[in-house]
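The primary structure of each chain is shown beneath.
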Amino acid sequence: MSKTGLTLPEPLNLINNEWVPAQSGKVMEVLSPIDGKPFSEIADSDAADIDAAVSAARAAFDDGEWGRLSAAERGRLMLKLSALISENAEALAQLESRDNGKPIKQARADMAVTARYFEYYGGAADKVHGEIIPFMTGYNVEVQREPHGVTGHIIPWNYPAQMFGRSVAPALAMGNATVLKPAEDACLTALRIGALSVEAGFPPGAINIVTGRGETAGKALSEHRGIDFISFTGSPEVGVMIQVAAAKNFIGCTLELGGKSPQIVFDDADLDAAMPFLVNALIQNGGQTCSAGTRVLIQKGVYDEVVSRLKEKFETIEASDSGEDAVLGPLISARQKKRVETYIKEAGAPVIARGSVAANAPDGGYYVAPVVFGPCEPGSRIAQEEVFGPVMAVIPFEDEAEAIRIANGTEYGLVASVWSRDGGRQQRVAKAMRCGQVFVNGYGAGGGVELPFGGIRKSGHGREKGFVALHEFSHIKTIVTHHG
Ligand code: NAD
């Protein structure tokens, strides 16, 4: 136990089921967003550590126990890990809340989702069937799915535990051996889940975790010649680098790069049902969610009413430390706080509502009061760029055609929601959305393990979550047998 009352992981990497320091011996401080103070350390790894992890994964896949397990045996290990995550959920949630700053209720929800990833994909591991294709007389053609081999996983700081589950679980289910580079800003729960994977009985090399900075450990993983596929979640800027590295390595990748997702409210919407979603789709995780509903498009007939309800709600929201009842915690880092504050300062749109920072929020924490801007010009920066903070852009519209045009009018395309009682409109607008997921009369930022998720254009490509993720983490082999 540390002086924070939490059991903190050592500043070590998990390679081949052994906990080892960075080969350079370097460590880096972990600051808590709650008060900006250091409270732990992680290994500050580089290319040498990544190389060791990739070698361990390669050996596990090619010649090790992991590569010899049946699909059912892999599934059982994953279910065991799921159960261990559930058993340790409260301790993991406390650690996540301290490390990432998210309110404890959100952290608890995250742990349930993380356990669910291992449950869902553990259950799916032995249910991926091949096909027989009718071909010429005298031939048998089998199509089967095979793991890529060694998969690299680079995840962000906003949902460290959930992202571990989302990215690594489907890869394991298909039989890949994995190397995870979590984000330097928040990765302690990833290390704890790594320890639970050893306890669950995963063979050496199946799950390797190397902590460190993006430009050293992350870059080394993305460029390593020994990986066969890479899954990346983070900023579009780094996403481009990952894709270039994957191209140079002739391997595939999935990119999940965020969004500027619209929530569209038509005149005939059930506003009582819509209001909590409109607010929570932004406020969840302090707006630091790739699928946050950051643009609220409101039809003219209900504009004044929705705006007044948003104002009433947002003015009561306080950014505070992660006590039991907090709904909005601090942002992840001083850098993120500055970035969000700059967007707020330069928004150039009227303020509809501004929440507050709690008077007792600890000094030095990265708290930002939530802000709703509107009416915003659809083409303005505040309505176009991903802020990644508690900032909402409200945009009025006249009719369905204009709503569709505005909703599709950014470089992103991740999630959208449509609020209307008109069944035809629900279908028309949902079909017209250029994005990967649409909610009708609802919104689901995060969660939804069963639901294929991913974007188009600047939101990235490829799909994670759902059964389809098993296809991303495998490739098809066609075997043609001439039997005469
Ligand atoms: P980032 O893209 O820099 O970091 C994400 C992950 O990539 C981290 O693990 C990081 O260590 C790693 N990384 C960084 N540079 C790398 C490199 N050169 N090669 C390989 N890996 C590298 O994101 P950030 O700087 O933490 O956040 C910046 C912005 O990105 C945010 O403000 C937000 O807009 C966006 N973002 C989106 C998501 C998402 O869920 N889509 C998550 C985090 C951040």
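No experiment lies behind these values; they were computed from the predicted model shown. (Residues numbered from 1 in each chain as written. Predicted model: local features only at pLDDT ≥ 70, side-chain atom pairs only at ≥ 80, totals over all residues. Heavy atoms only, no water.)

Caption draft 1: Expanded view of empty space enclosed by the protein. Within the structure shown, the criterion is met by four cavities of 30 Å³ or more. Considering only enclosed or pocket space, the second largest cavity measures out at about 70 Å³ in volume. Lining of the second largest cavity is provided by 16 residues; of these, Pro262, Ala407, Tyr412, Gly413 and Arg434 occupy positions nearest its centre. Here the residues of the lining of the second largest cavity are counted per class, giving eight nonpolar, four polar and four charged. (1 Å grid on protein atoms, 1.4 Å probe; cavity = no way out; pocket = protein on both sides within 12 Å on 5 of 7 lines; lining within 4 Å. Points joined across faces, edges and corners; volume = space filled by probe spheres on them. Nonpolar A, V, L, I, M, F, W, Y, C, P; charged D, E, K, R; others polar.)

Caption draft 2: View of the domain arrangement of the protein chain. Per the domain assignment, the segments making up the protein chain are domain 1 (3–257) and domain 2 (262–448). Summarising the inter-unit geometry, the C-alpha centres of domain 1 and domain 2 are found 30 Å apart. Each partner contributes residues to the interface: domain 1 has 26 residues there, and domain 2 has 29 residues. Together, the buried faces of domain 1 and domain 2 total about 2000 Å²; carbon and sulfur atoms form 51% of this surface. Across the contact surface, domain 1 and domain 2 share two salt bridges. Summed over the shared surface of domain 1 and domain 2, the number is 10 residue pairs in polar contact (both at pLDDT 80 or more). The greatest single-element share of the side of domain 1 that touches domain 2, amounting to five residues, is contributed by helix α5 (residues 104–124). Classifying every residue of the side of domain 1 that touches domain 2 gives 11 nonpolar, eight polar and seven charged. (Domains from an automatic or database assignment. Contact = heavy atoms within 4.5 Å. Buried area = accessible area lost by both parts, 1.4 Å probe. Salt bridge = Lys/Arg side-chain N within 4 Å of Asp/Glu carboxyl O. Polar contact = N/O pair within 3.5 Å; in protein donor to acceptor, adjacent residues only side chain to side chain. Helix = DSSP H or I, 4+ residues; strand = E, 2+ residues; numbered from the N terminus.)

Caption draft 3: Local environment of the sheet that holds strand β22 (residues 474–482). One open sheet accounts for three strands, arranged β5-β6-β22; its pairing is antiparallel. Each edge of the open sheet carries a strand with a single partner, namely β5 (131–133) and β22. Taking the axes of each pair of neighbouring strands and ignoring which way they run, one obtains an average angle of 25 degrees across the sheet. The sheet contact formed by strand β6 (residues 139–147) and β22 spans nine bridges and is antiparallel. From the neighbouring strand, Pro147 faces β22, where its bridge partner is Ser474. (Pairing = 2+ DSSP bridges. Axes fitted to C-alpha atoms, helices over the stretch in contact; angles between N-to-C directions.)

Caption draft 4: The site of the ligand, seen in detail. Trp157, Lys181, Glu184, Ser235 and Arg335 are the nearest of the 28 residues found near the ligand. The backbone of Ile155 places a nitrogen or oxygen atom 2.8 Å from an oxygen atom of the ligand. Considering the ligand on its own, with 810 Å² of exposed area, one finds that the protein chains cover 91% of that surface. Counting only elements with at least two residues in the shell around the ligand, the list comes to α8 (214–223), β10 (229–233), α9 (236–248) and α12 (334–345). Residues that form the shell around the ligand fall into these classes: 13 nonpolar, eight polar and seven charged. There are two domains that each give the shell around the ligand at least three residues, and those are domain 1 (3–257) and domain 2 (262–448). (Near = heavy atom within 4 Å. Areas by Shrake-Rupley, 256 points an atom, 1.4 Å probe, with all protein chains shown as cover.)

Caption draft 5: Seen up close, the nonpolar core. With 80 residues, the main nonpolar core has Trp66, Tyr121, Phe164 and Phe202 as its most contacted residues. When neighbours within four sequence positions are excluded, Tyr121 is seen to be in contact with Met78, Ala169, Pro170, Ala173, Val449, Lys465, Gly466, Ala469 and Leu470. (Core = buried A, V, L, I, M, F, W, Y, C linked by side-chain atoms within 4.5 Å. Buried < 20%, exposed > 50% of the residue type's maximum accessible area, 1.4 Å probe, protein only.)

Caption draft 6: Region of interest: the sheet that holds strand β18 (residues 391–397). Read from one edge to the other, the open sheet built from seven strands follows the order β15-β17-β18-β13-β12-β19-β20, with strand pairing classed as mixed. Of all strands in the sheet, those bounded by a partner on one side alone are β15 (351–354) and β20 (437–440). This sheet shows a mean twist of 15 degrees between the axes of neighbouring strands, independent of strand direction.

Caption draft 7: Structural view of helix α6 (residues 160–173). Counted at 1.5 Å a residue, the expected span for α6 with its 14 residues is 20 Å, and the 20 Å between its end C-alpha atoms agrees. Counting buried positions over the 14 residues of α6 gives 14, a clear majority of the element. Backbone geometry just downstream of α6 places Gly175 in the positive-phi region, at approximately 100 degrees. (Expected span 1.5 Å × (residues − 1).)

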